[in-house]
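# Working through the structure, step by step
Chain residues, written in single-letter form:
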Amino acid sequence: MTIVYLIIYGFLLTAVLGLIAAWIDRKITARIHYRVGPPFFQPLIDIIKLVGKETLIPKGASRAMFISAPVIGFASVVMVSALLWGSNNNLFSSFLGDIIVVLYLLSIPSISIMLGGFASGNPLARIGSSREMKLLLGYELPFVLAILVPVIKSGFSLKLGEIISFQAQNGAFATYASGILALIVCILCIQAKLGLVPFDCPEAETEIISGPMVEYSGTGLAIFRLMKNMLLFTLPFFLIILFLGGFKFSGITILYSVLKYIAFLLVITVIRNTNPRLRIDQAMKFFWGPTTGIAVIAVVLALLGK
Amino acid sequence: MKLTLRALLKSPWVFHLSTGSCNNCDIEILDCLTPRFDIERFGMLLAPSIKHADILLVTGSCNRKSVIRLKRLYEQAPKPCLVVAIGECSMSRGIFIHSYNCPLPLDKIIPVDAYIPGCPPKPEAIISGAVKLIQKIKGTL
Ligand code: SF4
């Protein structure tokens with residue numbers, strides 16, 4: 001039964017929604033530039049094309065790691081998605097502390113990108129990977145602090161299902177001051193987790209020609225791309241569960257759920273299109289300085305019951 | 001036609017290599033990405049690394065230093081990969097034809113799939129060349 005959940009919810013549903021999200025993202029970007037933008041099936045076509053291309057393994061690379069890195073990242077995204085859908089739709093009774101498991105699994109995609117970059121042996125990929133590592137250290141602290149807020153508000157519950165049902169009874173956490181502050185921090189952190197512009201210094205295409213991805217071709221690149229597209233759905237979904245009470249699929253609330261997600265995507269895309277790229281030291285200062293400060297304030301407010 | 005080849009024609013990512021051009025052709029290529037021409041309509045993107053590319057755009061007169069790099073890049077490109085020669089220089093060496101530094105035109109070095117003449121070619125000409133290349137592959141297969 002678990003396998004079915006993993007394949008249907010974790011992989012198929014999330015991949016379809018993620019590819020649609022990637023198209024919306026590219027289309028909005030194009031409209032902001034006054035362009036027409038790609039056709040609807042473009043993200044899917046890109047993936048199919050990459051699967052059909054030759055896979056090259058560079059000479060100095062560590063073969064096993066180079067090939068398995070994309071699979072590791074992809075598998076963890078599938079697992080996170082299955083867990084989130086499971087708690088959201090009450091498919092199976094989840095376990096105590098699944099929010100911690102989700103947090104860990106969400107950092108594995110970054111780690112897999114890092115491993116792939118280091119394994120490829122390319123100097124540009126190494127620079128990109130080391131930046132990715134620093135960025136991971138930077139955003140993980142405020143992200144965990146901000147996620148403490150819904151945990152505190154729901155009476156120290158570490159179960160996603162309980163957080164959702166608590167919000168169904170007492171209203172979404174984003175209506176409280178602490179919830180709003182934590183949500184802002186989380187949006188900044190997922191921007192870095194997704195590797196989008198202000199925080200895309202690990203991939204900086206104009207500078208270190210797409211960093212850890214530089215040696216990937218064919219299927220490996222396809223899996224990484226699909227992983228990123230799925231993350232574009234999964235990360236906002238996680239925040240919607242924590243702060244906005246999750247998705248509901250009965251009657252007119254479907255529309256409301258879709259609107260919640262589209263609003264998140266719009267915010268992410270607009271941030272990515274209206275900002276310049278930060279240097280890695282600026283990004284670290286930003287995350288460890290003001291962002292952590294706001295997250296601490298949010299936690300204190302949550303403890304005071306605001 | 002095979003599914004992956006059909007997908008390739010719908011999402012050709014281009015890598016842009018200058019082998020000693022006067023930089024005018026390169027600027028015309030970048031023009032294709034601007035809002036006015038917007039080649040992302042056809043699914044084309046500018047690939048940052050040759051390992052991601054499906055089409056190698058070559059501009060310039062293939063001088064002795066860059067021929068080595070050109071060959072190496074062509075070998076590193078994951079196949080299937082198409083080569084497009086852009087501008088008079090890459091087709092026949094243009095005004096550099098009598099130069100000591102440009103021994104061979106591009107198509108004597110690596111196989112070329114499409115030629116786009118002009119000095120420099122207009123962005124419209126580059127887009128129409130790309131469309132013709134796609135039609136050629138569809139027709140032959
Ligand atoms: S074809 Fe003309 S414009 Fe293009 S690189 Fe050569 S001289 Fe310059």
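Residues numbered from 1 in each chain as written. Chains lettered and ligands numbered in written order. Predicted model: local features only at pLDDT ≥ 70, side-chain atom pairs only at ≥ 80, totals over all residues. Heavy atoms only, no water.

## Observations regarding the overall build of chain B
- Across its full length, chain B holds five helices and five strands.
- Starting at the N terminus, the α and β elements of chain B follow one another as α-β-α-β-β-α-β-α-β-α.
- Taken over the C-alpha trace, chain B has a radius of gyration of 14 Å; the compact-globule value for 141 residues is 14 Å, and the two agree within 12%.
- When its C-alpha atoms are laid out on the principal axes, chain B stretches across 45 × 30 × 30 Å. (Helix = DSSP H or I, 4+ residues; strand = E, 2+ residues; numbered from the N terminus. Rg over C-alpha atoms; globule rule 2.2 N^0.38 Å.)

## Description of the pattern of salt bridges
- In total, this model carries 13 salt bridges over all chains according to the counting rule given.
- A salt bridge links Lys 49 of chain A to Asp 54 of chain B, with the shortest nitrogen-to-oxygen separation between them at 2.6 Å. Pair noted here: Lys 49 of chain A is in helix H2 (residues 42–52) and Asp 54 of chain B is in the loop between strand S2 (45–46) and strand S3 (55–59), and the two residues belong to different chains. By the burial criterion, Lys 49 of chain A is buried, and Asp 54 of chain B matches it.
- Salt bridges here are not isolated pairs; linked through shared partners, they connect Arg 26, Arg 35, Asp 46 and Arg 225 of chain A together with Asp 38 and Glu 40 of chain B. (Salt bridge = Lys/Arg side-chain N within 4 Å of Asp/Glu carboxyl O. Buried < 20%, exposed > 50% of the residue type's maximum accessible area, 1.4 Å probe, protein only.)

## Regarding the interface of chain B and chain A
- If you look at the interface, chain B gives 25 residues, while chain A gives 28 residues.
- In total, about 2200 Å² of surface goes out of reach between chain B and chain A, with carbon and sulfur atoms giving 58% of it.
- Here chain B and chain A share six salt bridges between them.
- Lys 51 of chain B is the salt-bridge partner of Glu 215 of chain A, the closest N and O atoms lying 2.4 Å from each other.
- Inspection of the chain B/chain A interface yields 17 residue pairs in polar contact (both at pLDDT 80 or more).
- The element best represented in the side of chain B that touches chain A is helix H1 (residues 3–10) of chain B, accounting for five residues.
- By residue class, the composition of the side of chain B that touches chain A is 12 nonpolar, six polar and seven charged. (Contact = heavy atoms within 4.5 Å. Buried area = accessible area lost by both parts, 1.4 Å probe. Polar contact = N/O pair within 3.5 Å; in protein donor to acceptor, adjacent residues only side chain to side chain. Nonpolar A, V, L, I, M, F, W, Y, C, P; charged D, E, K, R; others polar.)

## Focus on the packing of helix H5 (residues 123–153) of chain A against helix H7 (residues 177–193) of chain A
Residues and elements named next belong to chain A.
- Look at H5 against H7: their axes get within 9 Å of each other, and the N-to-C directions meet at 150 degrees. Classified by the interaxial angle, the pair formed by H5 and H7 is roughly antiparallel. Between H5 and H7 lies a crossing whose hand is left-handed. In this structure, H5 contributes Leu 135, Tyr 139, Glu 140, Pro 142, Phe 143, Ala 146, Ile 147, Val 149 and Lys 153 to the contact, and H7 contributes Ser 178, Gly 179, Ala 182, Val 185, Cys 186, Cys 189, Ile 190, Ala 192 and Lys 193. (Axes fitted to C-alpha atoms, helices over the stretch in contact; angles between N-to-C directions. Parallel < 35°, antiparallel > 145°, perpendicular 65-115°, else oblique. Left-handed = near helix turned anticlockwise from the far one by under 90°.)

## Things to note about the site of the ligand
All names here are of chain B.
- Neighbouring the ligand are the residues Ser 21, Cys 22, Asn 24, Cys 25, Gly 87, Glu 88, Cys 89, Gly 118, Cys 119 and Pro 120.
- Elements supplying a minimum of two residues to the shell around the ligand: helix H2 (24–31) and helix H4 (87–92).
- For the shell around the ligand, the element with the most residues is H4, which contributes three residues.
- Within the shell around the ligand, the residues separate by chemical class into five nonpolar, four polar and one charged. (Near = heavy atom within 4 Å.)

## A few points about the nonpolar core
- Counting residues in hydrophobic clusters, the biggest one holds 104 residues, and the most contacted among them are Phe 143, Phe 238 and Phe 243 of chain A together with Leu 56 of chain B.
- At 17 residues, the largest contribution of residues to this core is made by helix H9 (residues 218–243) of chain A.
- Not counting residues within four places of it along the chain, the set of residues in contact with Phe 243 of chain A comprises Ala 146, Pro 150, Gln 167, Ala 172, Phe 173, Ala 174, Gly 179, Ala 182, Leu 183 and Cys 186 of chain A.
- Residues Ile 29, Ile 55, Leu 57 and Leu 82 of chain B belong to the second largest nonpolar core, which totals 23 residues. (Core = buried A, V, L, I, M, F, W, Y, C linked by side-chain atoms within 4.5 Å.)

## Here we look at the packing of helix H4 (residues 98–120) of chain A against H5 of chain A
All names here are of chain A.
- Two elements in contact, H4 and H5, have axes separated by 9 Å at closest approach and are oriented at 175 degrees. Compared by their axis directions, H4 and H5 come out roughly antiparallel.
- Classifying every residue of the contact of H4 with H5 gives 14 nonpolar, six polar and three charged.

## Concerning the pairing of S3 of chain B
All names here are of chain B.
- Burial analysis of S3 places five of its five residues in the buried class, the great majority of the element.
- Of the two faces of S3, the one carrying Ile 55, Leu 57 and Thr 59 and the one carrying Leu 56 and Val 58 are both buried.
- Taken together, the five bridges between S3 and strand S4 (residues 82–86) define a ladder with parallel strand orientation. Across the sheet, Leu 57 pairs through a bridge with Val 84, a residue of S4.
- Of the crossover connections in this fold, the one passing from S3 over helix H3 (residues 64–76) to the parallel S4 is right-handed. (Pairing = 2+ DSSP bridges. Right-handed = clockwise from strand over helix to strand, strands pointing away.)

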